[in-house]
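Each chain, written out:
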Amino acid sequence: MNPNFFTQEEKIKMFDEIAAHYYNCNFGSMPKADMELLMFRFYLDKLMSHDSDSDGAIDYKNCSDYKISKELGITQQRVRNLKIKKQLIYPVEFSWKDAFAYLTKNARFDKTTNKVVISIPDPNLYLEIQNYLEDSGAYIEKQLNSKLLVIRAEYYIDLVIGLEEPDSRKKVIRELKKFFRENDKDEVFDENEIGKSIMNAALDVTTLAANLSSLLSPANAIGTALVGLLKKS
């Protein structure tokens, strides 16, 4: 590691925080695992603080599991475990929606299987997305590569619609009903299970997304990213 990675001021603050675990009648009470997690937190927070692009989105290249494991001399799996534990013990607020939208720009849409494949380098982001989808009744397909998120495009569209504000969501649902009706599939439409409805109707998701694009709110970054992805396909 570059000896100038941390500034002198940062080193002083880090020492003060470590000292608080030893010099207040608590010497030796801090478990080794907790000390390692604290040191990892110092390192990762610093790494993330200057590892963002011009739009403020995180650029995951320099904080990849591989690069961190190589620099710290530990396995990539341990790096991922430390990232998850660090977020649980020392949580940092972040917008999973913005991060997801940013990564969607590099996603791949398979027309044959109707699946969107995205690489999610941050395990905490992966867990946030997984939790949201499962709460919404959708699911992701487990992969041997734990960084890959594979989701049917229909559920992806469902996710996008669910992120709209109530009034905007009503407009989108009205357009969906119209689209189903025009394709003689109105009997299978269920606004509470939009993803499943699209699957059961066997509708073309590319055309459907194009029809919805003008109705999505500009603030819906994931929706904008998805439409861009499907248009390229």
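That block above? That's the structure.
The rules behind the values
Numbering of residues starts from 1 in each chain and follows the order in which that chain's sequence is written. It should be noted that, the model being predicted, local features are given only for residues of pLDDT at least 70 and side-chain atom pairs only at 80 or more, the latter also being counted only at that level, while totals for whole chains, interfaces and linings use all residues. Excluded from the side-chain calculation are hydrogens and water; included are all heavy atoms of the structure. We count a stretch as a helix when DSSP gives it H or I for four or more residues in a row; a strand needs E for two or more, and each element gets its number in order from the N terminus. We call two N or O atoms a polar contact when they sit within 3.5 Å, provided that within protein one can donate a hydrogen and the other can accept it, with sequence-adjacent residues counted only if both atoms are side-chain atoms. Note on definitions: a residue-residue contact is assigned when non-hydrogen atoms from the two residues lie within 4.5 Å. Grid points spaced at 1 Å and placed over the protein atoms alone form the basis of the search, with a cavity being a set where a 1.4 Å probe fits but cannot get out and a pocket an open set showing protein on both sides within 12 Å along at least five of seven lines. Lining residues have an atom within 4 Å of a point. Grid points are joined across faces, edges and corners, and a volume is the space filled by probe spheres set on the points. Three residue categories are used. Nonpolar comprises Ala, Val, Leu, Ile, Met, Phe, Trp, Tyr, Cys and Pro, charged comprises Asp, Glu, Lys and Arg, and polar comprises the others, including Gly. Each Phe, Tyr or Trp ring, with Trp reduced to its six-membered ring, pairs with another whose centre is within 6.5 Å; inter-plane angles below 30 degrees give stacked pairs, above 60 give edge-to-face pairs, and intermediate values give tilted ones. Relative accessibility under 20% of the residue-type maximum defines a buried residue, over 50% an exposed one, and the middle range a partly exposed one, all with a 1.4 Å probe and only protein chains included. The arc in question is traced by the directions running from the helix axis to the C-beta atoms. Paired strands are those between which DSSP finds at least two bridges. Think of a salt bridge as a Lys or Arg side-chain nitrogen and an Asp or Glu carboxyl oxygen that are within 4 Å of each other.

**Points about the side chain of Asp 65**
Here's step 1: Here Asp 65 lies in helix 3 (residues 65–72).
Here's step 2: In this structure the side chain of Asp 65 is engaged in a polar contact, spanning 2.8 Å, whose partner is the side chain of Lys 83.
Here's step 3: Setting aside anything within four residues of it in sequence, one finds Asp 65 in contact with Gln 76, Val 79, Arg 80, Lys 83, Pro 121 and Lys 147.

**Digging into empty space enclosed by the protein**
Here's step 1: One pass over the full model with this rule turns up 1 cavity of 30 Å³ or more.
Here's step 2: A volume near 60 Å³ is recorded for the largest cavity.
Here's step 3: Lining the largest cavity are Ile 157, Val 160, Ile 161, Ala 209, Leu 212, Leu 216, Leu 226 and Val 227.
Here's step 4: Of all elements in the fold, only helix 7 (153–162), helix 10 (205–212) and helix 11 (221–232) reach the threshold of two or more residues within the lining of the largest cavity.
Here's step 5: Among the residues forming the lining of the largest cavity, the class breakdown is 8 nonpolar, no polar and no charged.

**Notes on the packing of aromatic side chains**
Each aromatic ring pair is summarised here by two numbers: the centre-to-centre distance and the angle between the ring planes.
Here's step 1: In this structure the tally under the stated criterion is 8 aromatic pairs.
Here's step 2: Aromatic side chains Phe 5 and Tyr 43 sit 5.7 Å apart centroid to centroid with 35 degrees between the ring planes, which places their arrangement in the tilted category. One end of the pair, Phe 5, is in the segment before helix 1 (8–19); the other, Tyr 43, is in helix 2 (residues 32–49), and 38 residues separate them in sequence. Each member of the pair, Phe 5 as well as Tyr 43, is classed as buried.
Here's step 3: Here the aromatic rings of Trp 96 and Phe 100 are separated by 6.5 Å at their centres, their planes lie at 35 degrees, and the arrangement is tilted. In this pair, Trp 96 and Phe 100 both sit in helix 5 (residues 96–104), 4 residues apart, roughly one turn of the helix.

**Quick notes on helix 9 (residues 194–201)**
Here's step 1: Among the residues of helix 9, Ile 194, Gly 195, Ser 197, Ile 198 and Ala 201 are the ones counted as buried. End-on, the buried residues of helix 9 take up no more than an arc of 165 degrees, which puts them together on one face.
Here's step 2: Where helix 9 is buried, its residues meet helix 7, helix 8 (166–182) and helix 10.
Here's step 3: Taken from the residues just after helix 9, Ala 202 is the one with a positive phi, measuring 55 degrees.

**Describing the pairing of strand 2 (residues 115–119)**
Here's step 1: As paired elements, strand 1 (residues 108–110) and strand 2 share 3 bridges and run antiparallel to each other. Within the sheet, the bridge partner assigned to Asp 110 lies in strand 2 and is Lys 115.
Here's step 2: In textbook terms, the turn of a hairpin is the stretch between consecutive antiparallel strands, and for strand 1 and strand 2 this stretch comprises 4 residues, one of which, Asn 114, has a positive phi near 60 degrees.
Here's step 3: Two elements, strand 2 and strand 3 (residues 148–152), share 5 bridges in a ladder whose sense is antiparallel.

**Let's talk about the pattern of salt bridges**
Once the charged atoms of two side chains with opposite charge are near each other, the side chains can pair.
Here's step 1: Within this structure, the stated rule accounts for 14 salt bridges.
Here's step 2: The residue Asp 65 makes a salt bridge to Lys 147 at a minimum N-O spacing of 3.7 Å. Linking Asp 65 in helix 3 with Lys 147 in the loop between helix 6 (123–135) and strand 3, this pair joins segments that are 82 residues apart in sequence.
Here's step 3: Residue classification places Asp 65 among the buried residues on the basis of a relative accessible area of 2%.
Here's step 4: Taking relative accessible area as the criterion, Lys 147 reaches 24% and is therefore assigned partly exposed.
Here's step 5: One salt-bridge network, held together by shared partners, links Glu 17, Arg 41, Asp 45 and Lys 86.

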